[in-house]
Structure formats: structure tokens, C-alpha cells
Amino acid sequence: MIKKHFTEKVLANELIAQNTYLMRLTCTEDFLRIYRPGQFAHIEIPHAKDLLLRRPISINYVDFEKKEVHLAYNAVGKGTRLLSLVRAGDMLDVLMPLGNGFQLAGDMKRVWLVGGGIGIAPLKSLYCKYPDREYTAFLGYRSRECVYEAHDFELFAKTHITTDDGSYCIRGFCTDVLRAELEESGPPDVILACGPHVFFKSLAKVVGEIPTFVSLEQHMGCGTGGCATCVCKVGGQYKKVCLQGPVFNIREVDSLYD
Amino acid sequence: MIKKHFTEKVLANELIAQNTYLMRLTCTEDFLRIYRPGQFAHIEIPHAKDLLLRRPISINYVDFEKKEVHLAYNAVGKGTRLLSLVRAGDMLDVLMPLGNGFQLAGDMKRVWLVGGGIGIAPLKSLYCKYPDREYTAFLGYRSRECVYEAHDFELFAKTHITTDDGSYCIRGFCTDVLRAELEESGPPDVILACGPHVFFKSLAKVVGEIPTFVSLEQHMGCGTGGCATCVCKVGGQYKKVCLQGPVFNIREVDSLYD
Amino acid sequence: MTDMRVNIAGVELKNPIVTASGTFGFAEEYALYTDLSRLGGIALKALTREPRLGNPPVRIAETASGVLNSVGLQNPGVDEFLRTTWLRIKEIDTVKIANIAGACVEDYIYVAERLNDTGIDLFEVNVSCPNVKHGGVNFGTDEKTLRGVVEEVKKVSKKPLIVKLTPNVTHIADMAKAAADGGADVLSLINTITGMAINAVTRKPVLANVTGGLSGPAVKPVALRMVWEVYRANLGLPIIGMGGIMTGEDAAEFMIAGADAVMVGTATMRNPSAAKEIGFELEQFADKIGLERIGDLTGSLNIE
Amino acid sequence: MTDMRVNIAGVELKNPIVTASGTFGFAEEYALYTDLSRLGGIALKALTREPRLGNPPVRIAETASGVLNSVGLQNPGVDEFLRTTWLRIKEIDTVKIANIAGACVEDYIYVAERLNDTGIDLFEVNVSCPNVKHGGVNFGTDEKTLRGVVEEVKKVSKKPLIVKLTPNVTHIADMAKAAADGGADVLSLINTITGMAINAVTRKPVLANVTGGLSGPAVKPVALRMVWEVYRANLGLPIIGMGGIMTGEDAAEFMIAGADAVMVGTATMRNPSAAKEIGFELEQFADKIGLERIGDLTGSLNIE
Ligand SMILES: Cc1cc2nc3c(=O)[nH]c(=O)nc-3n(C[C@H](O)[C@H](O)[C@H](O)COP(=O)(O)OP(=O)(O)OC[C@H]3O[C@@H](n4cnc5c(N)ncnc54)[C@H](O)[C@@H]3O)c2cc1C
Ligand SMILES: Cc1cc2nc3c(=O)[nH]c(=O)nc-3n(C[C@H](O)[C@H](O)[C@H](O)COP(=O)(O)OP(=O)(O)OC[C@H]3O[C@@H](n4cnc5c(N)ncnc54)[C@H](O)[C@@H]3O)c2cc1C
Ligand SMILES: Cc1cc2nc3c(=O)[nH]c(=O)nc-3n(C[C@H](O)[C@H](O)[C@H](O)COP(=O)(O)O)c2cc1C
Ligand SMILES: Cc1cc2nc3c(=O)[nH]c(=O)nc-3n(C[C@H](O)[C@H](O)[C@H](O)COP(=O)(O)O)c2cc1C
Ligand code: FES
Ligand code: FES
């Protein structure tokens, strides 16, 4: 039986940009064997008995040698704010890896990664599993203070950075840069994207026939397929984001085309 | 306006006997001015939002020079177990001092202190306010492992120690020793007592006409007289332990005489 | 700066935060902990015709994010109250609400009449009591009984009448309508939900009374839903919402659901100055979103 | 060693811990996380005659020590279930309970008949659904309607019938009696309490459906009280208790209040192996107090 329910030790939990934290956790061999980029961890908020639900956080990076899982997250509400107070040495109850994740067929060589805000986090993990592709990254941040991990992308991808207010690199939305790049260098084999809903909406208008996969968010209960609360409408059906997602073919996500 | 609602710093929180902790807290001048022995602190359990009620803990000792309040408590349930995890440097939200406390008239010279188990804790505080009396202490513990602060009493009182199982000093109940002492050396001016209900019941049988005051426990809400939940029947009326108590004349406590 | 005043049946409150009956004693207990004049209002502990001993202890139990109580309306009776406590508190500079309870209609009437010519601003009729004349059926769980008691009390009252609804019913909006039909000027809700706690080791109930009333954040979702249901019933009466309010944002949620004012109960047990602080938080919240009048929040739930 | 087996209407459970409907999918999702054969039983997700899309998201909200959900009975329909999922789960070595829902009596009957000749051990009739034929009144909040639907389903059922009561009623014991009169073999309670969550900043409900069902530790005191009220009504039917059970001690409390078995719902959302662990904890608790049979706990509340 593959185990997905672990108690892991926090190795570090640090502020890396405005309100953005990077947490490093130990992980098991079991985890490393089955992990796929785009999967997520479902984390119990420690010591907060009044908060019953776990919090889903995408896996940002996996260090296979050190056996570490990295998570990048924004402290936005009760749970993630408490998470940001966790210290190195504390233990966390985690379900991982969950969800389908991104899958790259062998012939998908030219890969474009498109991320907005905290949605940039899961895209970095592509490289740890598929180091042999030709990556271009389009990263959109709100402003200079919010920029995180941009340099990491530059190490393996041709990286375009935008900020909404122009306080760092290009002013504007990364989907605009993507559109320009499409015209200039032609379509990639695949686009993988993560970000807020409005970001997906503009992406949907641009990608045309290019195979494009998006990682969706939804308020979740169990994370394990049991409660049917985490649905998004995909192909006319309410699909479970935790089990059948979070990654879906953009063209099947109904809410992006109405 | 006298303030009774404080945020105080924990100076120490250490195991001093089996399941028994001693917590030292900072306190204010305001507190020192009005404090009376037998009063209690009403403590918010930190970080536990699911536990809405404060926990009442008697004040064990007040160090007027160092401006410290000491609390001795057993970790018995959810709240006190969490309290035992608090570390030096943490802050606590405390209402204190609450309740009427023990009052010693000037002519009460010979004072007997009778405590059972964790009920011993508040009795030690008599000495910090009334150092000029002639004290005899009757302290009953469950067993050797549970003995705490006995030596402190020995510094200011003639001290009789019993354990239920005889594993330390006299085997038996401290009320039996008290009865013997009564016969031997005659009645004191006043008896002040704290302990479980059965302990008060046997005490009630022994004290006769001696002025005797007991500190009662009751499940509490506000601690400030507002909710009327913390009552015990005293003189046919339900009196508020938090405001009209916790100290009552033993002869008025109805439940000890039925 | 948001105008924090609200008007409840002709009575102006400085702000919408009122302390809930039974959790704030007769107010004087709190003079030490909070500035009473900063409160929108104070609902006093329930008063009955005769003095009431109340239930035996244990009267309180802690549950997950909630509290059970079984005080049982302990109070000195309205006459003794008027002779003593009232004289000490009548000058407090805030709106004063008398919570009226009874075991039969005549009891309610007696208490209302005794309080008619005092400086009490509003009456709150507590209908969560069993009606001894009608087989112990709760006044507040049967439409006809509820309407009846409200009608009778309304006849004699010289003050606007708040009717406090119990949540232990199938259709809260029907009960609200019954109270409105009986002549209620204001509706307040929710009172506590009947619950119980058991000590598995002793196999005994924690409360001597076996069951008690649940309050606190645990009940907030139920309370919000009921306030919204009553608001949507469009009865034209102001609503005072309560149940688990611990923060200014909680208070705002009740107003958005339809409340004109709110009451703060259990929060006071944790923090004696909770009501005042919640008032400040609500004001801050309102300022931040640039509200002109706090009342603009009332019923502003956007359900598309 | 305590004998952990309990008998519910002739069906033997290995232990009293059953997963609650709607929180354990169709069980197969949990094979990865827990040893399904250690469970006393499994209540499957609600099944309806036709496939149901369910409510739009957001479908879940967190409240203080509670959870609101508005799944809306999403399921593939009983026929599709029998063709696919059932084939994969029918060999699971534990008692299997089908939760049956519908919008009219005929819907319930259809589902029951389709499941009659399968290896399903018990039917659980979910009456918390609005009855479309009778103006949307909830099947479970009106005594006559409840009795009616139970009678009709009982007529066609070849399996013992559990009727799952909704807590959104004034008198739970009256509803229990109506179900018993209709022919229920077992009563289970409580389903969720209707509640609501509001985002004060956006002024929108958190759930797309506006209201949802509250579950989790927040409701435990209400659930315990209702189980006890139904137990005291002396209807002679076994009771399955639930509502906020997170630990073995919680389970023991429900049994002490009168339950013969319990269900674990929300706890599974936090910990996928909660039901199994709660079973172990209950066993430990029973061993420690030297119980011969776990059933000896049932109704053992000592109220003097
Ligand atoms: C598959 C997936 C991957 C995610 N990956 C990341 C990531 O890598 N980094 C990151 O910062 N965030 C990520 N999120 C969003 C993150 O889960 C939410 O920000 C977080 O749950 C908010 O919790 P909170 O306690 O701070 O907020 P609260 O407001 O206290 O949350 C209350 C409830 O709402 C839920 N909720 C609130 N906002 C969201 C949301 N946007 N999505 C899902 N549930 C929500 C919470 O889980 C909780 O149940 C991801 C979400 C999903 C579904
Ligand atoms: C005036 C007063 C002074 C006290 N002084 C001391 C002291 O100096 N040292 C000490 O160890 N204990 C003292 N106690 C008892 C102490 O308050 C309880 O042991 C403690 O509240 C238990 O909390 P818990 O979270 O561990 O237990 P839980 O079982 O989690 O408590 C649940 C609820 O029950 C209440 N409760 C449980 N047991 C008691 C009890 N015996 N008395 C009152 N409330 C109870 C809790 O306050 C809480 O509201 C005193 C009690 C009172 C009333
Ligand atoms: C200890 C206590 C005593 C109460 N006494 C009364 C009362 O006398 N009259 C009344 O109408 N409501 C009474 N209530 C109910 C509260 O006024 C309020 O309706 C309920 O607690 C919900 O609000 P909360 O969650 O903010 O406490 C009491 C509640 C508590 C906790
Ligand atoms: C996400 C979710 C879905 C549910 N779906 C159903 C259902 O389909 N049928 C049903 O009878 N009860 C359903 N319930 C109610 C539970 O079975 C149970 O009665 C309730 O949650 C109380 O138990 P708990 O507090 O242990 O969760 C659901 C509850 C939750 C949380
Ligand atoms: S979160 Fe429970 S099914 Fe996805
Ligand atoms: S605890 Fe509230 S009156 Fe004593």
C-alpha cells in the first residue's frame, strides 16, 4: 500500500517576499517514488483545534537528494497565518502528494510555464522531474516586494517577469508577454499554468489550439476524494479538484469560457 | 479605577511534583496594592480558541519585592495541560486578583492552615500578607510523588504532613492529625482550609465552634460576577464563588452538612 | 468617520453593540473592567416576578468553541431589583434593556408593569421558558403560545417590546411572524440552542440540570442563518442578532445578514471588556470600507 | 478484552464505528489510507434515482470547530453506481449501508428496489431533502410527511431500514416516533444543522448555495442532547448517534447517551483514518474501564 499520510519535520519556514513564506519539510522514499510536479500537500494546521480543515498547498519543489519538500505560500487567512508561525523542528501532519499533477509526454520538448502570483510556486517543480525540456517562464507578480523565486526560474528557463505596477521588470500582465512571444517564436508544445481565475481567463483567450493545462484552486475538505466539496465544473460535470485535478485541460474548464 | 485585567509575562513554568506545576508571572503595582491571600487568577488558555473559558487558579504566593505572582496547579484536563506547556517569556491574559480571599482579624493569632492536595497551594500565601501570626499547617498529599512546597510551610509554620498511602511522613488524612492536635493543644483562633469536597466534609465534623473558612471550587464562566454560573449553596442561597467567594464560613456551606 | 448610531424602535443606540442578557449581570459588575458608557446598550439579566434560586451547580460546561449553561434564571425578583440594584445602575449612560421571563403570562405582565415607569428603555421578552400553565411547553416553540404571550405583554407595556426568539424550532421565520403578529416592536435572536455534555469516565452529565443552552462561536453559523431567514421574511421589524460574536467582523456579518444591532454574550465571559472592544473593531471595519452610516450594512448580503 | 461487536437490527457490526454518509465517498477512496475491514461499517454517499450534478462551488466553509457543506447530493445515480462502483467495493469486509435520498416518495422507492438484491446490508433513508411534490417542505421536518415516506419505503425494502433524522426540528423525539410508527428499524441522528457563513469584506455568503449543513465538534452538544432525547422516548429501536465525534471518548459519550453505534463524519475530512483510530480509542477506553461488552455503555448515563 502506498502511504500518503505522514508526520514530517519542518526544516525551515521563512519569509521570502511580502507575505510569502517558503517552508521546507522532510519527506519519505515513498513520497519521492510517486511524486509528480503539480501535486499538492494537504496540511493540518497544528494546535488549532477550532480549524478543522487542512490547507492545500502546492508542492513548489522537491529536492530528491536531500529528501526535502518545499512549499511556497501566502499568509492570507487564519490557517496560513498560523502556518507562518511554525518553527524549524516542529512537526506537521501532511497528506501528500495529492492530485493528478502535470504530465509531460516525452515529445513535449518546448514547455511554457505561466504563473501569476502565488500560482508561480508549483511551476518550479517541473524542472526537478523533467530537467531535459526547453523551458520558457512567464511570471507575473503584483509588485517588486512580491517577487520570489524568479532567479530560480532563470536557472532553467528563459524567464519573462512582469509586475502589475511596473516596479520590477516589465509593467503589465505576463499573458501579454506570452502573446507577444507566441507571435515572435511560435507555439510551444505545451503550456502549463497556475494563477487566479482572471489570469486563466485571459490565458484562455490567447492559447488557441496549444495543449494547455491549468492547476485550479477550490475550497477543500478531505483532499482525498471522499467529500465531494472541492469541485469545479469541467466538461459539464463537477469534477473533484483534489482527485481528478488540480490540473485540467484549459479547454474543458467551463467557467473560463462563459 | 482599579484594573484587574492584565497581560503578564511568564517567568517560569516548572514541574514541581507529580503532575504539579509552579508558574511564576510578573504582576503590577495595582495588583500588589489590592491583593489578599486566598484570591485567585482567571487565566485565558493561550492559542486555544476552541477553549472559550478561562481557568481559575488560586494565587499560591506573591513575592512583593520581585513583583511576582506564583501559581501552583495540577494538569488535569485540556486547559491545564495546555497551560503546562507555556514557556518562560510567553504572555498570559489574566484577570486578578479575583474573589474575596481569606481575611484575618487582628486578634486571630493562632492560625491553622489545613490543605488537601492542590488545595494546599493557596494557603502558603497567608504568610506573605500576615507574617506575624503563629501558624500550624496540616498538609495532606496523596503520596510521596505528589508532595510539593511542604518545606516552604516548614519555614513559617509548625507543619504536619500526611500521605494517603503513608509513602511520606504520617499515613492517613490530615484532618485526623488535626483532630489529635485539637485535643492536645486546644483550638486555634481560626482555621483556613482548602481541598476537595470530601476533605471539607470531614473537616466540618471536627471544627466545632472554631471560626473556620474554606475556599470552594466551582466550574466558572466569567469569574467577574456576570454570568451566575459559579454558584454554591451557602446559607440557602446560591452564592457566586467568583465574587462572594471562593472563601466562605464553613458552617454556611450547605452541602457540607446534609 | 462612520456614524455608528442606530435606531431601534425609536430608541437611539450610540453604536450597535449591546451586551446580551445573562452574560453581563446587572452591568455594575463590569464597571471595573470596561467603560459602560461606550456600549450601545446593556441587556440586564432576566427578571422574574418572584425571586428565583436557579438551577443547582454545575451550571456551566465548555464544549468545542462553545459553552453550555444552565443558570435557570437565578435572580432576586423584579421588586427586590427595583429596590436595590436598579438604584445603583439607573444612571449608567447607555440604553438599558430589561429581560423579562416568566412561567405564565401573568408573570410577564407583572414584571413589565413594575418596570413601566422606570428609566428602562426597552423590554426584551425571553420566551425560552417553559409555560407551566400549558404543560411546560416552551413559550417560544409554539406559534400560538408565542403570539399570545406577546399580545398580552404588549397590551400593558409602556416600552417598545423586543421578543427574543429561541433557535430550538423548525421554522424560525414562522416564529418571528407570530411574534410580529402579537405586536413585537423588535426581534432579537438567537437565544441558546439546547445541548448537553457528558463525562465519559463518570458517565454523568456535566451539568446538574443534564441539559443546558449552547452559545459561543460554535453556534454562529446557525445564528447567522436564522437572522438571515427572519430578515428575508420581511416583517418590517428591526432585528438584533447574536450568537457567537467575538470580533467586530463577526458583528458586521450579523448586520450584513440583516441585523440592525447585535448582542455580545459569551465573549464577555472570556474578556470582560469584549463588548466595548468589538464596538471599536466594528467602527474600524466600517471606517476602512468607508461606510457613511453603520446601518448601511444591515441586510446588505449580496447573493446575486 | 471488551467484546466490541454490536447488533443493529439483526446485522452484526465488528465494532460500533461506522463512517458517516457523504464524508467517506464510496469507500474505495479510503483503501489507501485505512484498513477498511477494521471499520464497524461504511455508510455510502447518498444515492438518488437519477444522477445528480450537485450544488455549484464553493461547497465548503470552515466555522469555529465546525464545517458547513452544501454538496447537494452529487452522485452518479443508483443505476450507474450498481454498474461501476458497487462492483469494486462489494467485497469490502465490513457492513455496507446505502444512504438513500430523493425528491419524492417514488424516488426513494426506486433506489431501494434497485438495491434490494445486492449485498448492501442496511438502508439509511436520508430525509433531509426537500419534498418537491409537497412544496419543498423537508421530508424530515414534518411528522406526517416523515411517517409517510418511511412507510412507503419500508413496504418495498428487503433490508432493515435506518431513518436518519434531521436536527432542524423543534421536537426530535416526535420525529423519531413518527419514523418508528412508519416502520423504521433503526434511527440515526443527527444530520447537519442548517447554517451559513458570510465574508464580511465581500459581503457575500461563502457558500454558493448561501446556506449549508453544519457538522463537526461545534454541534456535538446538540447531537448528544438529541440522541439522549430519542433514547428516553423509549421507542425500542436501536440508535446510531453522530455529530462531531473526533475521539474514542466522544464515541463513548454518544453510546452513554443512548446510541448502539456511532458514525464518524467530519473527523475523516481532517484525518482519513479517523474512523479506524476512533475505533481503537473506544476499544482502549472500554478495556480500561473493564467493560465486558461495548454495548453495556448504551444508555448508561447516570442522572441520579
Ligand atoms: C490545489 C491547491 C493548491 C494550492 N497551492 C497553494 C500554494 O502553493 N500557495 C498558496 O499560498 N496557496 C495555495 N493554495 C491556496 C491555499 O490553499 C489557500 O490560500 C488557503 O487554504 C487559505 O487558507 P487560510 O487559512 O489562510 O484562509 P481562511 O480564510 O482562514 O480559510 C478558510 C477556508 O477557506 C479555504 N480557502 C480560502 N481560500 C482558498 C483558496 N484560494 N483556495 C482553496 N481554499 C481556500 C481554506 O482552505 C479554508 O478551508 C492552493 C489551493 C489549492 C486548492
Ligand atoms: C477559585 C478556584 C481556585 C482554584 N485553584 C486551583 C489551584 O490553585 N490549582 C489547581 O490546580 N486547580 C485549582 N482550581 C481548579 C482548576 O480551576 C481546575 O482544575 C481547572 O479549571 C481544570 O481545567 P482543565 O482545563 O484542566 O480541565 P477541563 O476538564 O478541560 O475543564 C473543563 C471545564 O471545567 C472546568 N473545571 C474542571 N474542573 C474544575 C474544578 N475542579 N474547579 C473548577 N472548574 C473546573 C474548567 O474550568 C473548564 O471550564 C481552582 C478552582 C477554583 C474555582
Ligand atoms: C451564562 C448565560 C446566561 C444567559 N442568560 C440569559 C437570560 O437570562 N436571558 C436571555 O434571554 N438569554 C440568556 N442567555 C442567552 C444570551 O443572551 C445569548 O442569547 C446567547 O448566549 C447567544 O449569544 P452568545 O453566543 O454571544 O453568547 C444566557 C447566556 C449565557 C451564556
Ligand atoms: C461533506 C458532507 C457531506 C454529507 N453528505 C451526506 C449525505 O449524502 N447523506 C447524509 O445522510 N448525510 C450527509 N452528511 C451528514 C453526515 O453524514 C453527518 O450526519 C453529519 O456530518 C454529522 O456528523 P459529523 O459531525 O461527524 O460530520 C454529510 C456531511 C458532510 C460534512
Ligand atoms: S476535498 Fe473532499 S473530495 Fe476533494
Ligand atoms: S463565574 Fe460568572 S458569576 Fe462567577
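Residues numbered from 1 in each chain as written. Chains lettered and ligands numbered in written order. Predicted model: local features only at pLDDT ≥ 70, side-chain atom pairs only at ≥ 80, totals over all residues. Heavy atoms only, no water.

- The name an unreviewed UniProt entry assigns to chain C is Dihydroorotate dehydrogenase, from the organism Christensenella tenuis.
- The record in UniProt for chain C states the following under Subcellular location (unreviewed entry): "Cytoplasm".
- In its Function (unreviewed entry) section, the UniProt entry covering chain C states "Catalyzes the conversion of dihydroorotate to orotate with NAD(+) as electron acceptor." (UniProt positions renumbered as here; feature names shortened; annotations may be inferred.)

- Per an unreviewed UniProt entry, chain A carries the name Dihydroorotate dehydrogenase electron transfer subunit and comes from Christensenella tenuis.
- Taken directly from UniProt, the Cofactor (unreviewed entry) text for chain A runs: "[2Fe-2S] cluster".
- According to the UniProt record, the Sequence similarities (unreviewed entry) comment for chain A is "Belongs to the PyrK family."

**Overview of the overall build of chain C**
Then comes step 1: Counting its regular elements, chain C contains nine helices and 16 strands.
Then comes step 2: At 18 Å, chain C has a C-alpha radius of gyration in line with the 19 Å of a compact globule built from 304 residues.
Then comes step 3: When its C-alpha atoms are laid out on the principal axes, chain C stretches across 50 × 50 × 40 Å.
Then comes step 4: Buried positions account for 63% of the 304 residues belonging to chain C.
Then comes step 5: A separation of at least 24 residues holds for 69% of the contacts in chain C among residues at least 6 apart in sequence.
Then comes step 6: Surface exposure of chain C reaches about 10,300 Å², of which carbon and sulfur atoms provide 47%. (Helix = DSSP H or I, 4+ residues; strand = E, 2+ residues; numbered from the N terminus. Rg over C-alpha atoms; globule rule 2.2 N^0.38 Å. Buried < 20%, exposed > 50% of the residue type's maximum accessible area, 1.4 Å probe, protein only. Contact = heavy atoms within 4.5 Å. Areas by Shrake-Rupley, 256 points an atom, 1.4 Å probe, with all protein chains shown as cover.)

**Some thoughts on the pattern of salt bridges**
Then comes step 1: Considering all chains together, one arrives at 65 salt bridges over all chains under this definition.
Then comes step 2: Notably, a salt bridge pairs E181(B) with K158(B), separated by 2.9 Å at the nearest N-O pair. Within this pair, whereas E181(B) is found in helix α5 (residues 174-185), its partner K158(B) is found in strand β10 (residues 157-163), the two being separated by 23 residues in sequence.
Then comes step 3: Overall, K158(B) belongs to the partly exposed group, its relative accessible area being 46%.
Then comes step 4: For the salt bridge of K220(D) with E253(D), the shortest nitrogen-to-oxygen distance reads 2.8 Å. Pair noted here: K220(D) is in helix α6 (residues 220-232) and E253(D) is in helix α7 (residues 248-257), with a separation of 33 residues, a long-range link. The pair K220(D) / E253(D) is uniform in exposure class, with both members buried. (Salt bridge = Lys/Arg side-chain N within 4 Å of Asp/Glu carboxyl O.)

**Quick word on the site of ligand 3**
Then comes step 1: Neighbouring ligand 3 are 21 residues; S21(C), K164(C), G216(C), G244(C) and T266(C) lie closest to it.
Then comes step 2: Neighbouring residues of ligand 3 are not confined to a single chain but are spread across chains B and C.
Then comes step 3: Within the side chain of N191(C), an N or O atom sits 3.5 Å from an oxygen atom of ligand 3.
Then comes step 4: Taking T266(C), its side chain carries an N or O atom lying 2.6 Å from an oxygen atom of ligand 3.
Then comes step 5: A class-by-class count of the residues in the shell around ligand 3 yields six nonpolar, 14 polar and one charged. (Near = heavy atom within 4 Å. Polar contact = N/O pair within 3.5 Å; in protein donor to acceptor, adjacent residues only side chain to side chain. Nonpolar A, V, L, I, M, F, W, Y, C, P; charged D, E, K, R; others polar.)

**Quick word on unusual backbone geometry**
Across the chain, the bulk of peptide bonds are trans and the bulk of non-glycine residues have phi less than zero.
Then comes step 1: Residues G245(A) and P246(A) are joined by a peptide bond in cis, for which omega reads 10°.
Then comes step 2: When you line up the elements, P246(A) lands in the loop between β14 (237-240) and β15 (247-249).
Then comes step 3: Here the phi dihedral of C169(A) falls at roughly 50°; this positive angle occurs in a residue that is not glycine.
Then comes step 4: Tracing the backbone through its elements, the reader meets C169(A) in the loop between β9 (157-163) and β10 (170-171).
Then comes step 5: By relative accessible area, which is 47% here, C169(A) ends up partly exposed.
Then comes step 6: Of note, E304(C) is a non-glycine position whose phi angle comes to about 50°, a positive value.
Then comes step 7: Looking at where E304(C) falls in the secondary structure, it is placed in the segment after α9 (274-288).
Then comes step 8: Judged by its relative accessible area of 79%, E304(C) is exposed.

**Description of the interface of chain D and chain C**
Note: interface size is frequently given as the accessible area lost on complex formation between the parts.
Then comes step 1: Residue-level contacts link 44 residues of chain D with 44 residues of chain C.
Then comes step 2: Taking both partners together, chain D and chain C bury about 3,600 Å²; carbon and sulfur atoms supply 67% of that area.
Then comes step 3: Together, M196(D), I198(D) and R203(D) form the three largest contributors to the area buried by chain D at its contact with chain C, with a combined 20%.
Then comes step 4: Connecting chain D to chain C are one salt bridge.
Then comes step 5: In this structure, K204(D) and E304(C) form a salt bridge, with 3.2 Å as the shortest nitrogen-oxygen distance.
Then comes step 6: For the interface between chain D and chain C, the tally reads 11 residue pairs in polar contact (both at pLDDT 80 or more).
Then comes step 7: Of all elements in the fold, only β11 (193-196), β13 (204-205), β14 (211-215), α6 and α7 of chain D reach the threshold of two or more residues within the side of chain D that touches chain C.
Then comes step 8: Across the side of chain D that touches chain C, the residue classes tally to 27 nonpolar, 10 polar and seven charged. (Buried area = accessible area lost by both parts, 1.4 Å probe.)

**Points about the site of ligand 1**
Residue and element names in this part refer to chain A.
Then comes step 1: Near ligand 1, the surroundings consist of 20 residues, among which R55, P56, G77, G79 and T80 are the closest.
Then comes step 2: Here an oxygen atom of ligand 1 and a backbone polar atom of G77 are 2.8 Å apart.
Then comes step 3: When ligand 1 is considered free in solution it has 830 Å² of accessible area, and contact with the protein chains removes 84% of it.
Then comes step 4: Secondary structure elements with two or more residues in the shell around ligand 1: β4 (55-63), β5 (68-74) and α2 (78-83).
Then comes step 5: Considering each element in turn, the shell around ligand 1 owes the most residues, four residues, to β4.
Then comes step 6: The residue inventory of the shell around ligand 1, partitioned by class, reads 10 nonpolar, seven polar and three charged.

**Some thoughts on the relation of the copies chain D and chain C**
Then comes step 1: Of the transformation placing chain D onto chain C, the axial shift is 0.0 Å and the rotation is 180°, giving an RMSD of 0.0 Å. Both copies are brought into coincidence by an operation consistent with a two-fold rotation axis.
Then comes step 2: Counting the interface residues of chain D, we find that 100% of their copies in chain C are interface residues as well, pointing to one common contact surface. (Least-squares fit on C-alpha atoms with pLDDT ≥ 70 in both.)

**Structural notes on the UniProt feature "active site" (unreviewed entry) in chain C**
Residue and element names in this part refer to chain C.
Then comes step 1: Taken from the UniProt record, the annotation "active site" (unreviewed entry) applies to C129.
Then comes step 2: Its location among the elements puts C129 in the loop between β8 (122-126) and α4 (143-156).
Then comes step 3: Here C129 falls in the buried class, since its relative accessible area comes to 5%.

**What to know about the UniProt feature "domain: FAD-binding FR-type" (unreviewed entry) in chain A**
Then comes step 1: Under the local residue numbering, the UniProt record ascribes the feature "domain: FAD-binding FR-type" (unreviewed entry) to residues 3-104 of chain A.
Then comes step 2: The annotated region residues 3-104 of chain A carries 12% helix and 47% strand content, and the separation between its end C-alpha atoms amounts to 24 Å.

**Some remarks on helix α6 (residues 197-206) of chain A**
All names here are of chain A.
Then comes step 1: Within α6, the full set of buried residues consists of F199, F200, L203, A204 and V206. Buried residues of α6, viewed axially, fall in a sector of 160°; they line one side. Facing away from the buried side of α6, by more than 90 degrees, are the exposed residues V198 and K205.
Then comes step 2: Among the structural elements, β7 (110-116), α5 (174-185), β11 (190-194) and β12 (212-215) are those in contact with the buried residues of α6.
Then comes step 3: Phi for G208, located one or two positions after α6, is positive at around 55°. (Arc of directions from axis to C-beta.)

**A closer look at the pairing of strand β7 (residues 91-98) of chain B**
All names here are of chain B.
Then comes step 1: Most of β7 sits out of view: six of its eight residues are buried.
Then comes step 2: One ladder, built from five bridges, connects strand β1 (residues 5-17) with β7; its direction is antiparallel. Looking at β7, one finds that K9 is bridged to M91.
Then comes step 3: For strand β3 (residues 40-43) and β7, the ladder comprises three bridges, and the chain directions are antiparallel. Looking at β7, one finds that I43 is bridged to V94. (Pairing = 2+ DSSP bridges.)

**Regarding the UniProt feature "binding site: substrate" (unreviewed entry) in chain C**
Residues and elements named next belong to chain C.
Then comes step 1: The sites that UniProt annotates as "binding site: substrate" (unreviewed entry) are K45, N69, S70, V71, G72, L73, N126, N191 and T192.
Then comes step 2: Residue position: V71 is located in the loop between β6 (66-69) and α1 (78-83).
Then comes step 3: Inspection of the secondary structure assignment puts N191 in the loop between β10 (186-189) and β11 (193-196).
Then comes step 4: For N191, the contacting residues outside a window of four places in its chain are N126, S128, K164, L165, T166 and P167.
Then comes step 5: In this structure the side chain of N191 is engaged in a polar contact, spanning 3.1 Å, whose partner is the side chain of S128.

**Things to note about the packing of helix α6 (residues 220-232) of chain C against helix α7 (residues 248-257) of chain C**
The relative placement of two packed helices comes down to the angle between their axes together with the axis-to-axis distance.
All names here are of chain C.
Then comes step 1: Where α6 contacts α7, the axes come no closer than 8 Å and their chain directions differ by 30°. One way to sum up the angle between α6 and α7 is to call them roughly parallel. When α6 is examined against α7, the residues K220, A223, L224, V227, W228 and Y231 are found in contact with a partner set consisting of D250, E253, F254 and A257.
Then comes step 2: When its residues are assigned to classes, the contact of α6 with α7 shows seven nonpolar, no polar and three charged. (Axes fitted to C-alpha atoms, helices over the stretch in contact; angles between N-to-C directions. Parallel < 35°, antiparallel > 145°, perpendicular 65-115°, else oblique.)

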